[in-house]
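An overview of the molecular structure
Chain by chain, the residues:
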Amino acid sequence: MWLIRLVVFLAVVAAVVVGVYFFVLKGDEEGGVEVTPDAIEAGELFPASADFIAYLDIESILGDADVQSSYQQFAQQYNLANPSAPIPATIDQALLYLQQQAGGQVDPGDFDTVVMFADVDTFDQDLPYVGVIITGTFDKALLEDMIEDQQGVTSSDYKGFTLYKVPMDAQTQIAIAFLSDSAIVAGTEDAVKGAIDVQKGDADALASGGVYDAYNSLGCWFKIAVGLPSDAQAGMDAPFNAMDTVGFSVDKSGQTITLKAIAHFANATSAQNAQSMITGVIQQAQLYIQAQPDTVIPAQAKTMLTNLLTNVSVTTSDSTVTAQLSLTLTEIQQLVSLVQSLAPYIPIPTL
């Protein structure tokens, strides 16, 4: 599972890095908010209308020794199984491949963090309110030249920032701007202008509420917080129909991976009822596992699975429920081996 999640991470990173070659702009560095990776990670540049936030720490993930080792092992196994279509053997080689595919001018390793912000209520529109902010140590002048060379690109001034508009097709265009020498914002025009307004101090940032609180209580490798629209809440049974915000994160410290999920409810009673239901489901799952004959679930697997469920922490604080599970890399390897032994037809590679 950890290896699959790693591959998903790398796929997201690749998509973002390739996409950033077309999302660039020149801007004014003076404003109401100092644009730094810490400020972006803390949510200081999100417009107040954002109720969907996702953050990816590219630099920490790709620079982690365990991630690099896991990728190498995965690539080795994949290439043995697919000799006619091999993938790069290391993360560094994968980044070099992306650089070459993009013309060799921009090093994808120069990009450090990516954050996406959006308004969930606009997702059903032709042009939803969506923006992406990317930070790094890239060559701004080079990226400006690349964007200006794209066919059909237009530019205009917005509050001292050069706002590029890049046509994606006959009906759709993407707006792009530099918030600083090391931060690019791209997305629909309203979202890009919203981030500029916050940076200039002309509009409020997302500084409170369930989405903001959930986002800032999650881990830092990857995290996402979403405000649930009313129609989604209406389709749930009590007490979960009182849930207005959910969040999830993956983080790593040393040899330990921490998975964390958070849910904010309209009131403390609903949160407590949800905690009781989740705890009850975990307990029932443990009883079910223990009740299975050894021919169905071997004794060693029973012990491992019940211990795993025992280690899931479910707590409440006021109107918030938090579920957390920490696993060492060794435990993750054991779980992968366990899944393979119980269901050998599931194609999960060994770490």
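The model shown is predicted, which means the values in this text are computed figures rather than measured ones. (Residues numbered from 1 in each chain as written. Predicted model: local features only at pLDDT ≥ 70, side-chain atom pairs only at ≥ 80, totals over all residues. Heavy atoms only, no water.)

1. Focus: the overall build of the protein
- The number of helices and strands found in the protein is 12 helices and 12 strands.
- Here the protein, with 351 residues, has 44% of them falling under the buried criterion.
- Surface exposure of the protein reaches about 16900 Å², of which carbon and sulfur atoms provide 53%. (Helix = DSSP H or I, 4+ residues; strand = E, 2+ residues; numbered from the N terminus. Buried < 20%, exposed > 50% of the residue type's maximum accessible area, 1.4 Å probe, protein only. Areas by Shrake-Rupley, 256 points an atom, 1.4 Å probe, with all protein chains shown as cover.)

2. Observations regarding the confidence of the model for the protein
- Mean pLDDT for the protein: 85, with 87% of residues reaching 70 or above.
- Across residues 1-31, confidence stays below pLDDT 50; counting only partners more than four residues off in sequence or on other chains, it has 97 contacts.
- Segment residues 344-351: pLDDT under 50, and 21 contacts once partners within four positions in sequence are set aside and those in other chains are kept. (pLDDT = per-residue confidence, 0-100. Contact = heavy atoms within 4.5 Å.)

3. Digging into the side chain of T320
- Residue position: T320 is located in strand β12 (residues 320-328).
- A relative accessible area of 18% places T320 in the buried class.
- If we ignore the near neighbours within four places in the chain, the residues touching T320 are I262, A263, H264, A271 and T315.

4. Re unusual backbone geometry
- Omega for the peptide link from A238 to P239 comes to 0°, which places this bond in the cis form.
- At K159, a position not held by glycine, the phi torsion is positive, near 55°.
- The residue K159 is located in the loop between β4 (154-158) and β5 (161-167) in this model.
- At D318, a position not held by glycine, the phi torsion is positive, near 55°.
- Here D318 shows up in the loop between β11 (313-317) and β12.

5. A word on the pairing of β11
- Direction of pairing for β11 relative to β12: antiparallel, over a ladder of five bridges. Looking at the pairing, S317 lines up with T320 of β12.
- In this structure, the hairpin formed by β11 and β12 is closed by a connection of two residues, where D318 is found at a positive phi of approximately 55°. (Pairing = 2+ DSSP bridges.)

6. Points about the pattern of salt bridges
- Evaluated as defined, the whole model comprises eight salt bridges.
- For the salt bridge of D181 with K140, the shortest nitrogen-to-oxygen distance reads 2.7 Å. Remark: K140 occurs in helix α6 (residues 140-148) and D181 occurs in the loop between β6 (173-180) and β7 (183-187); sequence separation between them is 41 residues.
- For D181, a relative accessible area of 40% corresponds to the partly exposed category.
- Here K193 ties to E189 by a salt bridge, and the two come within 2.8 Å at their closest N and O atoms. Placement of the pair is K193 and E189 together in helix α7 (residues 189-200), with a separation of four residues, close to one helical turn.
- According to the relative accessible area criterion, K193 is partly exposed, its value standing at 22%.
- One network of salt bridges, in which partners are shared, links D64, D66 and K252. (Salt bridge = Lys/Arg side-chain N within 4 Å of Asp/Glu carboxyl O.)

7. Here's the deal with the nonpolar core
- Counting 31 residues, the largest nonpolar core has V115, F117, I133 and L179 as its most contacted members.
- Those elements that provide at least two residues to this core are β1 (52-57), β2 (111-118), β5, β6, β7, α7 and α8 (210-216).
- If you tally residues by element for this core, the top one is α7, at five residues.
- If we ignore the near neighbours within four places in the chain, the residues touching I133 are I40, L45, T113, V114, V115, F117, L179, I184 and V185. (Core = buried A, V, L, I, M, F, W, Y, C linked by side-chain atoms within 4.5 Å.)

8. Details of helix α5 (residues 91-101)
- Listing the buried residues of α5 in full gives I91, A94, L95, L98 and Q99. The buried residues of α5 all sit within an arc of 140° when viewed along its axis, so they share a single face. Those residues of α5 that are exposed and angled more than 90 degrees off the buried face are D92 and Q100.
- G103, located one to two residues past α5, shows a positive phi value of around 105°. (Arc of directions from axis to C-beta.)

9. Considering a negative patch on the surface
- A contiguous patch of negative charge, built from D139, D145, E148 and D149, is present on the exposed surface.
- When you line up the elements, D139 lands in the loop between β3 (130-136) and α6. (Patch = residues over 30% accessible without salt bridge, like charges linked within 9 Å, V, L, I, M, F, W, Y side chains within 5 Å. Lys, Arg positive; Asp, Glu negative; His and termini not counted. Charge placed at Lys NZ, Arg CZ, Asp CG, Glu CD.)

10. With respect to the pairing of β6
- Most of β6 is tucked away: seven of the eight residues are buried.
- With four bridges connecting them, β5 and β6 associate as antiparallel partners. Within the sheet, the bridge partner assigned to P167 lies in β6 and is Q173.
- Here β5 folds back onto β6 in antiparallel fashion, the turn holding five residues.
- Where β6 lies against β7, five bridges are found, and the strand directions are antiparallel. The partner of S180 across the bridge, within β7, is A183.

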